[in-house]
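# Topology and contacts: notes
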Amino acid sequence: QKEVEQDPGPLSVPEGAIVSLNCTYSNSAFQYFMWYRQYSRKGPELLMYTYSSGNKEDGRFTAQVDKSSKYISLFIRDSQPSDSATYLCAMSDHRGSTLGRLYFGRGTQLTVWP
Amino acid sequence: NAGVTQTPKFRVLKTGQSMTLLCAQDMNHEYMYWYRQDPGMGLRLIHYSVGEGTTAKGEVPDGYNVSRLKKQNFLLGLESAAPSQTSVYFCASSRDRQHSGNTIYFGEGSWLTVV
């Protein structure tokens, strides 16, 4: 079983829809949760970062973490064609002096059509 | 405002050939990383460096070597390329450790095909 599971999609929605992207994980030591956005033929870029449980909102994006269920979500409101990309979840534990390696999901490919 | 620059962007190699991917960052970051991205596998860490002159193995280090002789550069070498190393390679850098939530900056990727 992979440490981080993410449905690769693809997911196709009309403009203006609410998009829900999800990841599950198995390692209860994970405390840091991130969402990256990757446009085609580009490198990933950090979209949202959350520490421990709870919600975080940034414009049209909301990240949720439920540590009891080992489940994280990214919601996109009023989705736009420019949101079309692959979204990768990533998470990490904290081990003091070690790297605190990031574990990535496989990514979900999202297309928002006009 | 270059950020993280990778060269070359595309390369086709024959099995057994060697090559080096170069990564350069202009943000004075201590931490640098090499990832590979394969369909259905997500991003996997190959090697990383926590400072000039230091390197360490990541999740999938076999078949690769790295060097960090200068703080701004991180080189990834393939001594004897194999078809299993066909992938997209991403270099990244960060000011601090990955888990701290500080931004990790990725390059635009290097597409490598081994035939």
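An account of the accompanying structure is given in this report. All values reported here derive from a predicted model rather than from experimental measurement. (Residues numbered from 1 in each chain as written. Chains lettered and ligands numbered in written order. Predicted model: local features only at pLDDT ≥ 70, side-chain atom pairs only at ≥ 80, totals over all residues. Heavy atoms only, no water.)

### What to know about the overall build of chain B
Helix and strand content of chain B: zero helices and eleven strands. Listed N to C, the secondary structure of chain B is β-β-β-β-β-β-β-β-β-β-β in terms of helices and strands. The C-alpha atoms of chain B give a radius of gyration of 13 Å, which matches the 13 Å a tight globule of 115 residues would have. Taking the principal axes of its C-alpha atoms as reference, chain B extends roughly 40 × 30 × 25 Å. Within the span of chain B, comprising 115 residues, buried residues form 50% of the whole. On chain B, roughly 5200 Å² of surface is accessible, and the fraction owed to carbon and sulfur atoms is 50%. (Helix = DSSP H or I, 4+ residues; strand = E, 2+ residues; numbered from the N terminus. Rg over C-alpha atoms; globule rule 2.2 N^0.38 Å. Buried < 20%, exposed > 50% of the residue type's maximum accessible area, 1.4 Å probe, protein only. Areas by Shrake-Rupley, 256 points an atom, 1.4 Å probe, with all protein chains shown as cover.)

### Details of the nonpolar core
Counting residues in hydrophobic clusters, the biggest one holds 25 residues, and the most contacted among them are Trp35(A), Ile72(A), Leu74(A), Tyr87(A) and Met91(A). Elements with a minimum of two residues in this core: β3 (19–25), β4 (32–38), β5 (45–51), β7 (61–66), β8 (71–76), β9 (85–92) and β11 (108–113) of chain A. When sequence neighbours within four positions are dropped, the list of residues in contact with Tyr87(A) reads Gln6(A), Leu21(A), Trp35(A), Tyr36(A), Arg37(A), Leu47(A), Leu74(A), Ile76(A), Gly107(A), Thr108(A) and Leu110(A). With 20 residues, the next largest nonpolar core counts Tyr32(A), Phe104(A), Val88(B) and Phe90(B) among its residues. (Core = buried A, V, L, I, M, F, W, Y, C linked by side-chain atoms within 4.5 Å. Contact = heavy atoms within 4.5 Å.)

### Examining the pairing of β4(A)
All names here are of chain A. Most of β4 sits inside the fold, with seven of its seven residues counted as buried. Here β4 shows no split at all, with Tyr-32, Met-34, Tyr-36 and Gln-38 on one side and Phe-33, Trp-35 and Arg-37 on the other all buried. Sheet analysis places β4 next to β5, joined by six bridges and oriented antiparallel. Counted as the bridge partner of Tyr-32 is Tyr-51 from β5. Hairpin connection of β4 to β5: six residues between the antiparallel strands, including Arg-41 at a positive phi of 65°. As defined by bridge partners, β4 adjoins β9 across seven bridges and the pair is classed as antiparallel. (Pairing = 2+ DSSP bridges.)

### Here's the deal with the sheet that holds strand β1 (residues 4–6) of chain A
Residue and element names in this part refer to chain A. Within the open sheet, the five strands sit side by side as β1-β3-β8-β7-β6. Their pairing is antiparallel. Strand pairing shows two members of the sheet lacking a second neighbour, β1 and β6 (54–58), which therefore form its edges. On average, adjacent strands in this sheet sit at an angle of 15° to one another, irrespective of strand direction. (Axes fitted to C-alpha atoms, helices over the stretch in contact; angles between N-to-C directions.)

### Remarks on the layout of surface pockets
As a volume, the largest pocket reaches approximately 560 Å³. Around the largest pocket, the lining is made up of 22 residues, and of these Gln38(A), Thr86(A), Gln109(A), Gln37(B) and Pro39(B) lie nearest the centre. Those elements giving two or more residues to the lining of the largest pocket turn out to be β9 and β11 of chain A together with β4 (31–38) and β9 (87–94) of chain B. Among the elements that take part in the lining of the largest pocket, β11(A) stands out by supplying four residues, more than any other. Classifying every residue of the lining of the largest pocket gives eight nonpolar, ten polar and four charged. Of the pockets and cavities examined, the second largest pocket occupies roughly 260 Å³. Along its surface, the second largest pocket is lined by 16 residues, and Gly43(A), Pro44(A), Glu45(A), Tyr105(B) and Phe106(B) are the ones closest to its centre. The set of elements that each furnish at least two residues to the lining of the second largest pocket consists of β5 of chain A together with β10 (105–106) of chain B. Counted by class, the lining of the second largest pocket contains eight nonpolar, four polar and four charged residues. (1 Å grid on protein atoms, 1.4 Å probe; cavity = no way out; pocket = protein on both sides within 12 Å on 5 of 7 lines; lining within 4 Å. Points joined across faces, edges and corners; volume = space filled by probe spheres on them. Nonpolar A, V, L, I, M, F, W, Y, C, P; charged D, E, K, R; others polar.)

### Points about the packing of aromatic side chains
Tallied over the full model, the rule gives 14 aromatic pairs over all chains. Each ring, one from Tyr25(A) and one from Phe33(A), has its centre 5.4 Å from the other, and the planes form 45°; the classification is tilted. With relative accessibility at 7%, the residue Tyr25(A) sits in the buried group. Judged by centre distance (5.6 Å) and plane angle (85°), the ring pair of Phe104(A) and Tyr35(B) falls under edge-to-face. Taken as a pair, Phe104(A) in strand β10 (residues 103–104) and Tyr35(B) in strand β4 lie in two separate chains rather than in one. Taken individually, Phe104(A) and Tyr35(B) each receive the classification buried, so the pair is uniform in this respect. One aromatic cluster is present, built from ring pairs that chain together Tyr36(A), Phe104(A), Tyr33(B), Tyr35(B), Phe90(B) and Phe106(B). (Phe/Tyr/Trp six-rings, centres within 6.5 Å; stacked < 30°, edge-to-face > 60°.)

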